[in-house]
Amino acid sequence: MRIILLGPPGAGKGTLAKLLKEALNIAHISTGDILREEMKNQTPLGMEIKKLVESGALVPDEIVTKIIENKLTANKNGAQGYMLDGFPRTKVQAEQLDAILTKIRHPIDVALYMEASVPVIIQRLTGRRVCKKCGAPFHIKNRPPKKQDICDLCGGELYQRPDDNEETIRKRMKVYLESTAPIVDYYHAQRKLVKVDADKESEILKDELMQLFNDQGKASHKSGHGPLKSS
Ligand code: ADP
Ligand code: ZN
């Protein structure tokens, strides 16, 4: 299954992706994670984009599209299935992605729109902590680690992303509304959009989605239609 995760920062795309990855056994491709890895390793690209990412601005379209193109063509991801998390984030990126997918002849199945309300978003992002070593997400209230500031999975140290402060969160929300929100319509027009209430807890969302994918899978098997009904 090939899925795009859409929604504002704090909708829980990364957390849901990690749960679905296990359940569906598909790759999780997060442009945010890839860019943070570049910054951590202080590669030329990492140094070039650091100021942009830490201020909540977007990285240029050409850079992220190239990263995604490499991911989708270098291994079997393009055919086997994946979740794209944090990409596309602009109309241009959505069009460039379509061009790549047409070329490799593996269109996406679903654009999952995770709609979340502003107070929930702010609460999630300000309380978020991330593992320095493995990237696992935690939250000081909603998903606290067993030992304070230590990752349950790998024992790594938890930290707060520099862009998870109120001022930068507000900037990211503004960028989201201006640049990313319009692509919801783009996928709606393609009949790929499935909307979910992302104020719900990730575990619950995951269960609901697995149910939906199963039901739709059975239905499409009978009718010969696509894997999912679009909204
Ligand atoms: P969130 O969804 O919580 O905002 P991400 O980890 O997806 O966080 O992204 C963090 C930052 O990485 C973004 O604010 C932006 O600077 C950069 N980034 C990630 N994906 C893209 C993209 N597709 N296009 C441009 N910039 C991106
Ligand atoms: Zn860890």
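Scroll up to find the structure this text is about.
In this text, all values refer to a predicted model and were calculated from it rather than measured experimentally.

**Student:** Hey, could you run me through the environment of Lys132 in this one?
**Tutor:** Relative to the helices and strands, Lys132 resides in the loop between strand 5 (128-131) and strand 6 (137-139). As a C-alpha pair, Lys132 and Gln160 span 28 residues in sequence and 9.4 Å in three-dimensional space. Every residue in contact with Lys132, bar those within four places of it in the chain, is listed here: Lys40, Glu157 and Tyr159.

**Student:** Would you explain the nonpolar core in this entry?
**Tutor:** Generally speaking, nonpolar side chains in soluble globular proteins are found buried as a group. Counting residues in each nonpolar core, the largest one holds 29 residues, and the members touching the most others are Ile4, Leu6, Leu84, Leu97 and Tyr187. Those elements giving two or more residues to this core turn out to be strand 1 (2-6), helix 2 (31-40), helix 3 (44-55), helix 4 (61-74), strand 3 (82-85), helix 6 (91-104), strand 4 (110-115) and helix 9 (182-189). Tallying contributions element by element places helix 4 first for this core, with 5 residues. Those residues within four positions of Leu97 in sequence are excluded, and the remaining contacts are Ile4, Ile68, Leu72, Leu84, Phe87, Pro88 and Tyr187.

**Student:** Sorry, what's going on with the coordination of the zinc ion (ligand 2) here?
**Tutor:** Four donors placed tetrahedrally around a metal ideally meet at 109.5 degrees, and six donors placed octahedrally ideally meet at 90 or 180 degrees. Taken together, Cys131 (SG), Cys134 (SG), Cys151 (SG) and Cys154 (SG) make up the full set of protein donors to the zinc ion (ligand 2), lying 2.3 to 2.4 Å away. In this structure, the zinc ion (ligand 2) is surrounded by 4 donor atoms whose angles at the metal cover 98 to 115°, and the resulting shape is tetrahedral. One chain supplies every donor for the zinc ion (ligand 2), spaced along it as C-x2-C-x16-C-x2-C. A residue pair is termed long-range when its members are at least 10 positions apart, and Cys131 in strand 5 and Cys154 in the loop between strand 6 and strand 7 (158-159) qualify at 23 residues.

**Student:** Help me understand the site of ligand 1, please; the structure alone is not making it clear to me.
**Tutor:** Around ligand 1, the structure places 18 residues, and the nearest of them are Thr31, Arg36, Ala57, Gly86 and Arg172. For ligand 1, a nitrogen atom lies 2.8 Å from a polar atom in the side chain of Thr31. Alone, ligand 1 offers 560 Å² of accessible surface; in the complex the protein occludes 96% of this. The leading source of residues in the shell around ligand 1 is helix 2, at 4 residues.

Thresholds, definitions, all that
- Residues numbered from 1 in each chain as written.
- Chains lettered and ligands numbered in written order.
- Predicted model: local features only at pLDDT ≥ 70, side-chain atom pairs only at ≥ 80, totals over all residues.
- Heavy atoms only, no water.
- Helix = DSSP H or I, 4+ residues; strand = E, 2+ residues; numbered from the N terminus.
- Contact = heavy atoms within 4.5 Å.
- Core = buried A, V, L, I, M, F, W, Y, C linked by side-chain atoms within 4.5 Å.
- Buried < 20%, exposed > 50% of the residue type's maximum accessible area, 1.4 Å probe, protein only.
- Donors = N, O, S within 2.8 Å, 3.2 Å for Na, K, Ca; no water.
- Tetrahedral: all angles 85-135°; square planar, octahedral: opposite > 155°, others 65-115°.
- Near = heavy atom within 4 Å.
- Polar contact = N/O pair within 3.5 Å; in protein donor to acceptor, adjacent residues only side chain to side chain.
- Areas by Shrake-Rupley, 256 points an atom, 1.4 Å probe, with all protein chains shown as cover.

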